[in-house]
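Structural description and commentary
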Amino acid sequence: MTRLAPLLERNALFAAQHTPGPLARPTSGTLIVTCLDHRVDPALILGLHLAEAPVIRNAGGRITDAVIDDIAFLAFLAGQLFVDRTGGPGSLFEVAVIHHTQCGSGLLADPDFRAQASQATGVPQDILAANAVIDPEATVALDVQRLLDSPRCSPEIIVSGHVYDVETGRVTTVLDAASSVASSQ
Ligand SMILES: [Zn+2]
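Quick caveat: nothing in here was measured; it's all calculated off a predicted structure. (Residues numbered from 1 in each chain as written. Predicted model: local features only at pLDDT ≥ 70, side-chain atom pairs only at ≥ 80, totals over all residues. Heavy atoms only, no water.)

Here the focus is the overall build of the chain. A count of helices and strands for the chain gives seven helices and five strands. Counting from the amino terminus, the chain carries its helices and strands in the arrangement α-β-α-β-α-β-α-α-α-β-β-α. Evaluated residue by residue, the chain yields a buried proportion of 35% over its 185 residues. In the chain, the share of contacts with a sequence separation of at least 24, taken over all contacts with a separation of at least 6, comes to 65%. On the chain, roughly 10,900 Å² of surface is accessible, and the fraction owed to carbon and sulfur atoms is 58%. Placing the 11 positive and 20 negative side-chain charges of the chain at their respective mean positions leaves the two points 4 Å apart. (Helix = DSSP H or I, 4+ residues; strand = E, 2+ residues; numbered from the N terminus. Buried < 20%, exposed > 50% of the residue type's maximum accessible area, 1.4 Å probe, protein only. Contact = heavy atoms within 4.5 Å. Areas by Shrake-Rupley, 256 points an atom, 1.4 Å probe, with all protein chains shown as cover. Lys, Arg positive; Asp, Glu negative; His and termini not counted. Charge placed at Lys NZ, Arg CZ, Asp CG, Glu CD.)

Of all six residues making up strand β1 (residues 30–35), six are buried, and the element is well covered by its neighbours. Note that β1 and strand β3 (residues 93–100) share five bridges and pair parallel. Pairing of Val33 across the sheet is with Val97, part of β3. The pairing of β1 with strand β2 (residues 55–58) spans four bridges and is parallel. If you follow Thr34 over to β2, its bridge partner there is Arg57. (Pairing = 2+ DSSP bridges.)

These figures capture arrangement, not role.
Below is the structure:
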């Protein structure tokens, strides 16, 4: 028995109608970075269909070193695949960083909760504190800048910042798309 059984039944329905496609340019031209929260599924809140956008998710939707690793690789991969691109900012893709209200990572702002979480997980308290999303508009701006400031951020990508409100279902843009080239000038 597995709890996945009812979901595998849904997969059987999906597979019955599925048309496979090649590894090609994501049709939305975006890469989404967001929280792993099950209330914040980008396929649903942004109406994404199959092959429209790669998605990277972690606690908070934070731009960590591991996320920068993935984005750097995807930029390299896109450069190999999108040989017909014009070059310049945004010619590979736009990274849309989406933080959200009522993020569970915000609980880490409480020192007692953070100490318990650190003990249970082995993750140092300062790292847990740095990953907490309490003010999503502030953390998303911080993370957009962190990605733009990284020497591994391709000048051919652009980065934007947004906040999803779990109450209203609305995504609001906090920072319009910018490139590392514009950011460093
Ligand atoms: Zn969250």
